[in-house]
Amino acid sequence: MIILGIETSCDDTSVAIVKNGKDILSNMVANQDEYHRKFGGVVPEIAARKHLEHILSSIEFCLSEADLELDDLAGIAVTCRPGLVGSLIVGLSAAKCLSFISGKPLVGIHHLEAHIYATALTDYPYGVPQIALVASGGHTSLILLQNEKMHLLGRTVDDAAGEAYDKVAKHLGLGYPGGPIIDKLAQKGNPDIVRFPRPMLNHSNLNFSFSGLKTAVMYFLEKNPATLPEDLAAAFQDAVIDVLVRKTIQAVKQQKISNLSVVGGVAANSALRNRFSTECANKNINLYFPPRHLCTDNAAMVAGLGYHKLKNNEISDLNLGSSADAGLPLMTL
Ligand code: KG4
Ligand code: ZN
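Residues numbered from 1 in each chain as written. Chains lettered and ligands numbered in written order. Predicted model: local features only at pLDDT ≥ 70, side-chain atom pairs only at ≥ 80, totals over all residues. Heavy atoms only, no water.

Caption draft 1: Summary view of the nonpolar core. The biggest cluster of nonpolar side chains holds 50 residues, and the ones touching the most others in it are Ile 131, Phe 196, Phe 236, Leu 244 and Phe 276. Elements that contribute at least two residues to this core include exactly strand 6 (130–135), strand 7 (140–146), helix 5 (161–171), helix 6 (178–186), helix 7 (211–223), helix 8 (229–255), strand 9 (259–263) and helix 9 (270–282). With 14 residues, the single largest contributor to this core is helix 8. With residues near it in sequence (within four places) discarded, Ile 131 still touches Leu 142, Ile 143, Leu 144, Leu 153, Ala 251, Val 252, Gln 255, Ile 257, Asn 259, Leu 260 and Ser 261. (Core = buried A, V, L, I, M, F, W, Y, C linked by side-chain atoms within 4.5 Å. Buried < 20%, exposed > 50% of the residue type's maximum accessible area, 1.4 Å probe, protein only. Helix = DSSP H or I, 4+ residues; strand = E, 2+ residues; numbered from the N terminus. Contact = heavy atoms within 4.5 Å.)

Caption draft 2: Quick look at helix 9. If you check helix 9, its first and last C-alpha atoms are 19 Å apart, about what 13 residues at 1.5 Å a residue would give, namely 18 Å. By the burial criterion, the buried members of helix 9 are Ser 270, Leu 272, Arg 273, Phe 276, Glu 279 and Cys 280. Contacts made by the buried residues of helix 9 are with strand 6, helix 6, helix 8, strand 9 and strand 10 (286–288). Of the residues that open helix 9, the one with a side-chain oxygen 3.0 Å from the backbone nitrogen of Ala 271 is Asn 269. (Expected span 1.5 Å × (residues − 1). Polar contact = N/O pair within 3.5 Å; in protein donor to acceptor, adjacent residues only side chain to side chain.)

Caption draft 3: Spatial organisation of the packing of helix 7 against helix 8. The contact between helix 7 and helix 8 brings their axes to 11 Å, and the two run at 155 degrees. With respect to helix 8, the axis of helix 7 lies roughly antiparallel. In this structure, the crossing between helix 7 and helix 8 has a hand that is right-handed. Packed against helix 7, whose contacting residues are Leu 213, Val 217, Phe 220 and Leu 221, the element helix 8 presents Leu 232, Phe 236, Ala 239 and Val 240 at the interface. In the contact of helix 7 with helix 8, the residues fall into eight nonpolar, no polar and no charged. (Axes fitted to C-alpha atoms, helices over the stretch in contact; angles between N-to-C directions. Parallel < 35°, antiparallel > 145°, perpendicular 65-115°, else oblique. Left-handed = near helix turned anticlockwise from the far one by under 90°. Nonpolar A, V, L, I, M, F, W, Y, C, P; charged D, E, K, R; others polar.)

Caption draft 4: The arrangement of the side chain of Lys 50 in detail. Take Lys 50: it is sitting in helix 2 (residues 44–65). Residue class for Lys 50 comes out buried when judged on its relative accessible area of 14%. Not counting residues within four places of it along the chain, the set of residues in contact with Lys 50 comprises Thr 13, Gln 32 and Tyr 35.

Caption draft 5: Representation of the site of ligand 1 in the model. Around ligand 1, 20 residues are found, and the nearest of them are Gly 137, Gly 138, Asp 166, Asp 183 and Asp 297. A distance of 3.1 Å is found between an oxygen atom of ligand 1 and a backbone nitrogen or oxygen belonging to Gly 265. Against a free-state accessible area of 560 Å², the protein chains account for coverage of 91% of ligand 1. Listed by contribution, the elements that provide at least two residues to the shell around ligand 1 are helix 4 (111–117), helix 5 and helix 6. (Near = heavy atom within 4 Å. Areas by Shrake-Rupley, 256 points an atom, 1.4 Å probe, with all protein chains shown as cover.)

Caption draft 6: Structural context of the coordination of the zinc ion (ligand 2). Surrounding the zinc ion (ligand 2) are the protein donor atoms His 111 (NE2), His 115 (NE2) and Asp 297 (OD), at 2.0 to 2.1 Å. One can describe the site at the zinc ion (ligand 2) as irregular: its four donor atoms subtend angles covering 91 to 137 degrees at the metal. Ordering the donors of the zinc ion (ligand 2) by residue number gives the pattern H-x3-H-x181-D. One end of the pair, His 115, is in helix 4; the other, Asp 297, is in the loop between strand 10 and helix 10 (300–311), with 182 residues separating them in the sequence. Assessed through its relative accessible area of 1%, His 115 is described here as buried. (Donors = N, O, S within 2.8 Å, 3.2 Å for Na, K, Ca; no water. Tetrahedral: all angles 85-135°; square planar, octahedral: opposite > 155°, others 65-115°.)

Shown next, in the form of structure tokens:
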């Protein structure tokens, strides 16, 4: 079963073709960083316009790279929520159009469930219960995935972890997106120059908060302008990772589930991968990361998950997303 996937929830236009939920025949991402760089963050209006420019050629590219025609597909999977409304609409409209003209079923995909599926594209045994940390530019959520249903355990009450990276990098004048830049810079820095606050660590709930940490970095720099950027990057990153790791381990313990996937753009971070690997090895937790290029937004994770949804007959009609929905309707435990 071959599925074409479309992902346009934020600022990456991505189309992929995946066979049987696993074999990636084509996966292309039209990255928009250069258009958002000067603003230091994603500008929704620009993102939607760029999706519109790239979507059709991306679909054509993938079909031709996989040497397939619309008729060879079993279905079209598309991210339908959550995300930037204008961005989602572009992908949804393209997917509905393809489904209508080809007569192939349309499958609506939740963006966070797709991120979690990224580990199943390689080694996670799909369907086995797991805890997932989704840490990206738009989300920081702890999710229990059981019986193919997502249950929200905790989430950020303000900024997402990736957003904190992007905002700190913008403030330090380092560039956009901030995550990969700070990741690299921090490798040369000394994290012990200052201990930034670890927000929400003393709380028994599984929520996060990152906006205070970003402000603490800014105040520290104001008072200590001679601080080396690499030291500041390392100290900031240390605080983010400490909170993400400790809260996630707390969730694993609470739920008594020993499988953990760490996904989303921030899961590409080298120090975060190292720290999770060490902690999980010590605590006998089975840890799964997607390969780095499948951590950030991509349509392979959408098409892969679409295969299972289609097999379960979870087919959407052409009204999918017609009342544009930027929210996150996950069940809480
Ligand atoms: O998953 P993603 O592509 O988009 C959303 O769904 O939001 O994540 C993008 C985010 C950005 O905030 C970016 O700075 C962050 O992921 N990111 C990283 C790294 N690579 C990307 N954060 C920390 N370290 C990285 N290596
Ligand atoms: Zn994402």
